[in-house]
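Below, each chain spelled out in residue letters.
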Amino acid sequence: MHIHSLTLREIHLPLVTPFETSVDRVTERRIILAEVNVDGVSGWGECTAGENPFYSPEDTETCWHILKDYLWPMLKGRELISAACVWPLLEPVRGHNMAKATIETAIWDAEARLKNRPLWKLLGGERTEIPCGVSIGIKDSLDELAATVQRELASGYQRVKIKIKPGKDLEAVQRLRQDFPRVKLTVDANSAYRKDDWPLLKQLDGFYLMMIEQPLGWDDLFGHVEVQKNLQTPICLDECIHTYEHAEAAIALGACKIINIKLGRVGGHLQAKRIHDLCRRHEIPVWCGGMLESGIGRAQNIALSTLANFSLPGDVTASKRYWQEDIIDPEVTVTPHGTIHVPTTPGIGFTPRLDRIASLTARHTHLI
Ligand code: MG
């Protein structure tokens, strides 16, 4: 495979509803798309970095810079046997996993298209249908939260995750458990608590949640060991897991019982699969987290979620939950029983809508 050129585009896409977490409130996404030309075929990847460095140290600007000034020069003109060769070539750059994943996932898509195979099959996926949960942002009132959950359950979603932060936690969980006693419920704190908040976390233990996601600091592995030791509810790590070694340490130390794998956070498909395989060997279930992706990132997530140990419903949901109109054809839809049918066409299985992407593009650069 000859890596011929890279086109980076930054698109601006307004969300249908603002999304609030403990760290930010997002109304419009600034998303970098990578279109890589490999042997004359286009592969597409999406950068999952946020507009600011509040979820991870990377943001849209750092990714644009790293992709253009460091990663592309390491890949341009290369002859590769497979997209699996991309990660080792990028290793001289430390961190910047979201920038790396942007181009790595695009090359996987190109390879799958060149081989006329669905990407998920090339990755070794097994599922033809993936279970879906929803991630619900922090709401102004408990009534609004309950109404949102009601609506999502009526659409068929199999699991409800709510974002929490200090002051917007216990009452929300109490209310949802009262209204929806049997729903699979989880909470995600996005690192909003500290060890001193231990009594609150202990109280959450009484609501038979499926998991508590990332309660403590984004790099506080040791703190999570202490919390997990004293809670019945499984801890799921998200922000703490950037590498295979982080996952290895988290499992060995007992910092969690579940891991959320995000393509961008771990640097693309090769590393996501390594972490998936490690977790499988240790019987740690995984699921695929969302980063308010447009259709291209969503399609990449669907391919990843077909791997065998993605046994818990992830955050990958229908396009219409986020966008008035997506940038792929067809849009991602969810069945009435809360699943996504995995596409059977080559590559990511969805076609980027070039006209729509062009109309949303705020800047672009073509690199050869
Ligand atoms: Mg999370």
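Being a predicted model, the structure only gives us computed values, none of them experimental.

Participant: Could you give me a rundown of the overall build of the chain, with the residues and numbers involved?
Facilitator: For the chain, the helix and strand inventory stands at 13 helices and 15 strands. Relative to a compact globule of 368 residues, whose C-alpha radius of gyration would be 21 Å, the chain shows 20 Å and is just as compact. In terms of its C-alpha atoms, the chain occupies a principal-axis envelope of roughly 55 × 40 × 35 Å. The 368 residues of the chain split such that 61% are buried. Contacts in the chain between residues at least 24 apart in sequence constitute 72% of all its contacts with a sequence separation of at least 6. For the chain, the computed accessible surface area is about 14300 Å², with 51% contributed by carbon and sulfur atoms. Averaging the positions of the 42 positive and the 47 negative side-chain charges in the chain gives two centres separated by 3 Å.

Participant: Account for the environment of I11, with residues named and values stated.
Facilitator: Here I11 shows up in strand β1 (residues 3-20). Note on I11: relative accessible area 0%, which makes it buried. On a C-alpha basis, the gap between I11 and P166 in space is 33 Å, while along the polypeptide they are 155 residues apart. In contact with I11, other than residues within four places in its own chain, are R29, R30, I31, L33, I327, I357, L360 and T361.

Participant: Describe the domain arrangement of the chain, with residues and values.
Facilitator: Taken domain by domain, the chain holds domain 1 (3-115 + 354-367) and domain 2 (122-341). Computed over C-alpha atoms, the centres of domain 1 and domain 2 are 23 Å apart. Listed by partner, the interface residues are 37 residues for domain 1 and 42 residues for domain 2. Contact between domain 1 and domain 2 buries roughly 3400 Å² in total, counting both sides, with carbon and sulfur atoms accounting for 67%. For the domain 1 face of the interface with domain 2, the top three residues by lost area are F19, E20 and Y55, together amounting to 21%.

What counts, and where the lines are drawn
Residues numbered from 1 in each chain as written. Predicted model: local features only at pLDDT ≥ 70, side-chain atom pairs only at ≥ 80, totals over all residues. Heavy atoms only, no water. Helix = DSSP H or I, 4+ residues; strand = E, 2+ residues; numbered from the N terminus. Rg over C-alpha atoms; globule rule 2.2 N^0.38 Å. Buried < 20%, exposed > 50% of the residue type's maximum accessible area, 1.4 Å probe, protein only. Contact = heavy atoms within 4.5 Å. Areas by Shrake-Rupley, 256 points an atom, 1.4 Å probe, with all protein chains shown as cover. Lys, Arg positive; Asp, Glu negative; His and termini not counted. Charge placed at Lys NZ, Arg CZ, Asp CG, Glu CD. Domains from an automatic or database assignment. Buried area = accessible area lost by both parts, 1.4 Å probe.

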